[in-house]
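Letter by letter, the chains look like this.
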Amino acid sequence: MNFYLLFFLLIVIIGLVVSYIYFMKEKKAQLLAIERGICPKCHQPAIELADQRSTGCSGPKMLTFECKNCHYTSIFHVSGRGCGSGKCEV
């Protein structure tokens, strides 16, 4: 009985890890497209930074991108580069 429970939990954990890896690869591909100025959904150069929030200069930043054509919206959490140059940069 315990063997089946352990086997089931192992399958669930492996499935969760694989799903998370796939999700992160998709987010990375979306962010790379946005960095080039292209919307990941409609593939048009109509993406813009709609909102930018942070907890401070060296903390992570929450960037919200929105497409003007298809109304695609996505939020990314990126680490800041810090204040070494005297100004906050993404």
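Residues numbered from 1 in each chain as written. Predicted model: local features only at pLDDT ≥ 70, side-chain atom pairs only at ≥ 80, totals over all residues. Heavy atoms only, no water.

Peer 1: Any chance you could explain the overall build of the protein here in plain terms?
Peer 2: The helix and strand tally for the protein stands at one helix and three strands. Order of helices (α) and strands (β) in the protein, N terminus to C terminus: α-β-β-β. Out of the 90 residues belonging to the protein, those deemed buried represent 20%. When contacts within the protein are restricted to residue pairs at least 6 apart in sequence, those whose partners lie at least 24 apart make up 31%. Surface exposure of the protein reaches about 7,000 Å², of which carbon and sulfur atoms provide 63%. (Helix = DSSP H or I, 4+ residues; strand = E, 2+ residues; numbered from the N terminus. Buried < 20%, exposed > 50% of the residue type's maximum accessible area, 1.4 Å probe, protein only. Contact = heavy atoms within 4.5 Å. Areas by Shrake-Rupley, 256 points an atom, 1.4 Å probe, with all protein chains shown as cover.)

Peer 1: How should I be thinking about the packing of aromatic side chains in this particular structure?
Peer 2: Counted by the stated rule, this structure contains three aromatic pairs. With a centroid separation of 5.9 Å and an interplanar angle of 65°, the aromatic rings of F3 and Y4 are classed as edge-to-face. A single burial state applies to F3 and to Y4, both of which are exposed. Each ring, one from F65 and one from F76, has its centre 6.0 Å from the other, and the planes form 65°; the classification is edge-to-face. With a gap of 11 residues between them, F65 in strand β2 (residues 60-67) and F76 in strand β3 (residues 73-79) connect regions that are remote in the sequence. (Phe/Tyr/Trp six-rings, centres within 6.5 Å; stacked < 30°, edge-to-face > 60°.)

Peer 1: Looking at this model, I keep getting lost on the pairing of β2. Mind explaining?
Peer 2: Where a strand is regular, its side chains alternate between the two sheet faces. Pairing of strand β1 (residues 47-54) with β2, which is carried by seven bridges, proceeds in the antiparallel orientation. Bridged to D51 within β2 is T64. In the sheet, β2 pairs with β3 via seven bridges, with the strands oriented antiparallel. Bridge pairing in β3 links M62 to H77. The antiparallel hairpin formed by β2 and β3 contains five residues in its connecting segment, where H71 sits at a positive phi of about 65°. (Pairing = 2+ DSSP bridges.)

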